[in-house]
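Structural description and commentary
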Amino acid sequence: MADQKSALITGITGQDGSYLAELLLEKGYLVHGLVRRSSTFGTERIDHIYQDLHANPTLMLHYGDLTDGQALTNLVLDIKPDEIYNLGAQSHVRVSFDQPVYTLQTVGVGALNVLEAARQLQKIKEVRVYQASSSEMYGDVLQTPQTETTPFNPQSPYACAKVYAFHQTVNYRESYGLFACNGILFNHESERRGETFVTRKITRAATRIKAGLQKKLYLGNLDAKRDWGYAKDYVEGMWRILQHSEPDDFVLATGETQSVREFLRLVFEQLELNWEDYVEIDPRYFRPAEVELLLGDPSKAKEKLGWTASTDLRELARIMVEHDLELAQREAHAKTFVAGSA
Ligand code: NDP
Ligand code: GDR
């Protein structure tokens, strides 16, 4: 198809990358994904859309790493995508305190490598770049709610690296006329969320407790407040950002904020359990510096992109609990089966 659009997604094996790949395939794109070589496949989130390489696929995976700029540029010049979505990152805030330099390399230098590759491609054809910026950049917030003009005040190596990537994205737009955009996304979760992020940690543990597989859940700061949405809604927003008539930066958020404690209550209540009977605080999950409150103002995205988050926290909790309960029940069944046959 001569007019078929193509896109490259870094971080395609992650939560957002997998939903974005599905969305772009539905829209008729030819989708390329960057995957890291590992001793295991690590493609669980995209296995259901994987296509046989020998059957004219619309999804193609390429080995690469954001820290290898030369290989990234070679790939981009080879596949010549119309759009690049840079979602790859060491994305765990707590872990970034343990691995600050590596986090900067993937999040900061990685984004710069993507921009450089796009700048080379731009000499041949127009390309649009989406940078996965984060509400973590607001850190110890200087203004509430946070908008596109709220100053950044990062509180972790991860957030500092994202601030660097944000400014480089604006810099490439202004210096080279690159169609480069930041989506400043507030927390978004799903049944595909990594299991060490707090929402999924809670839904996995609560459902395993319900199924008799676990007794306790250890957590850190329950008072932190986040603006939590559903990842599926947010990848639609990413796509809209790149379809806009001009390159710009947008906040994507729900406009509501809730504490970790409130999310706990919602999840355990759906399972007819009292969270206070199961949750204990373990200081190892505290962070050297904490972001206490995030609340986004998504007005600009609503006005210019027609985008709004359509899933509230109760519904998000319901979706995640339903998914994880089935997982826990399967796990419990497998255990009984093994015990029974021993
Ligand atoms: P995940 O942690 O689920 O996915 C991260 C992806 O990045 C994975 O595919 C991972 O590959 C890949 N990756 C990690 N390091 C490298 C590297 N060196 N080279 C290439 N790929 C790499 O993150 P999410 O899907 O939740 O988030 C997507 C992006 O959006 C991230 O940049 C994140 O920082 C940002 N963000 C996320 C928000 C959220 O609430 N989810 C909010 C705001 C921003 P592998 O599978 O091999 O580990
Ligand atoms: P966050 O997400 O740091 O906001 O970054 P996370 O779910 O890790 O933490 C949210 C809040 O919950 C508190 N918390 C705990 N967090 C974890 N992970 N584990 C615990 O046991 C625990 N107990 C309490 C945290 O202290 C924090 O306040 C996510 C990532 O997806 C980033 O990549 C993204 O940029 C931001 O969201 C927006």
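Since the model is a prediction, treat every value here as computed from it, not as a measurement. Residue positions are counted from 1 within each chain, in the order its sequence is given. Both sets of labels track the order of writing: A upward for chains, 1 upward for ligands. At least 70 in pLDDT is required for a residue's local features to be given in this predicted model, at least 80 for side-chain atom pairs to be given and counted, and no such filter applies to totals for whole chains, interfaces and linings, which use all residues.

With respect to the sheet that holds strand β1 (residues 6-10)
Strands belonging to one sheet form pairs held by backbone hydrogen bonds; the direction of such a pair is parallel or antiparallel. Defined as follows: Pairs of strands are assigned from DSSP output, requiring at least two bridges between the strands. Numbering of helices and strands starts at the N terminus; helices are DSSP runs of H or I of at least 4 residues and strands are runs of E of at least 2. Think of each axis as a best-fit line through the C-alpha atoms, taken over the contacting stretch in the case of a helix, with angles from 0 to 180 degrees between the N-to-C directions.
With parallel pairing, the seven strands of this open sheet are ordered in space as β3-β2-β1-β4-β5-β6-β11. Lying at the two open borders of the sheet, with one neighbouring strand each, are β3 (59-63) and β11 (250-252). Taking each pair of neighbouring strands and ignoring which way they run, the sheet shows an average axis angle of 20°. As judged from the five bridges shared by β1 and strand β2 (residues 30-35), these two strands associate in the parallel manner.

A few points about the packing of helix α4 (residues 100-122) against helix α5 (residues 157-176)
As a reminder of what qualifies: Reported orientations rely on four angle classes, namely roughly parallel under 35 degrees, roughly antiparallel over 145, roughly perpendicular from 65 to 115, and oblique for the rest. What makes a crossing left-handed is the near helix being turned counterclockwise from the far one by less than a right angle; a clockwise turn instead makes it right-handed. By the criterion used throughout, residues are in contact when their C-beta atoms, derived from the backbone, lie within 7 Å. Asp, Glu, Lys and Arg are counted as charged, while Ala, Val, Leu, Ile, Met, Phe, Trp, Tyr, Cys and Pro are counted as nonpolar; the rest, among them Gly, fall into the polar class.
The geometry of α4 relative to α5 is characterised by a closest axis approach of 8 Å and an angle of 15° between their N-to-C directions. The angle between α4 and α5 falls in the class roughly parallel. Considering only the axes of α4 and α5, their crossing is right-handed. Across the interface between the two elements, Pro100, Thr103, Leu104, Val107, Gly108, Ala111, Leu112, Leu115 and Arg119 from α4 touch Pro157, Tyr158, Ala161, Lys162, Tyr164, Ala165, Gln168, Thr169, Tyr172 and Tyr176 from α5. Across the contact of α4 with α5, the residue classes tally to 13 nonpolar, four polar and two charged.

Focus: the site of ligand 1
Applicable threshold: We call a residue near a molecule or strand when the C-beta position, derived from backbone atoms, sits within 6 Å of it.
Taken together, 26 residues lie near ligand 1, and Gly11, Gly14, Gly88, Ala89 and Ala132 sit nearest. Mapped by element, the contributors of at least two residues to the shell around ligand 1 are α1 (15-26), α4 and β5 (128-134). Examining the composition of the shell around ligand 1, we find that three residues originate from one element, α1, more than from any other. Looking at the shell around ligand 1 residue by residue, the classes come out as six nonpolar, 17 polar and three charged.

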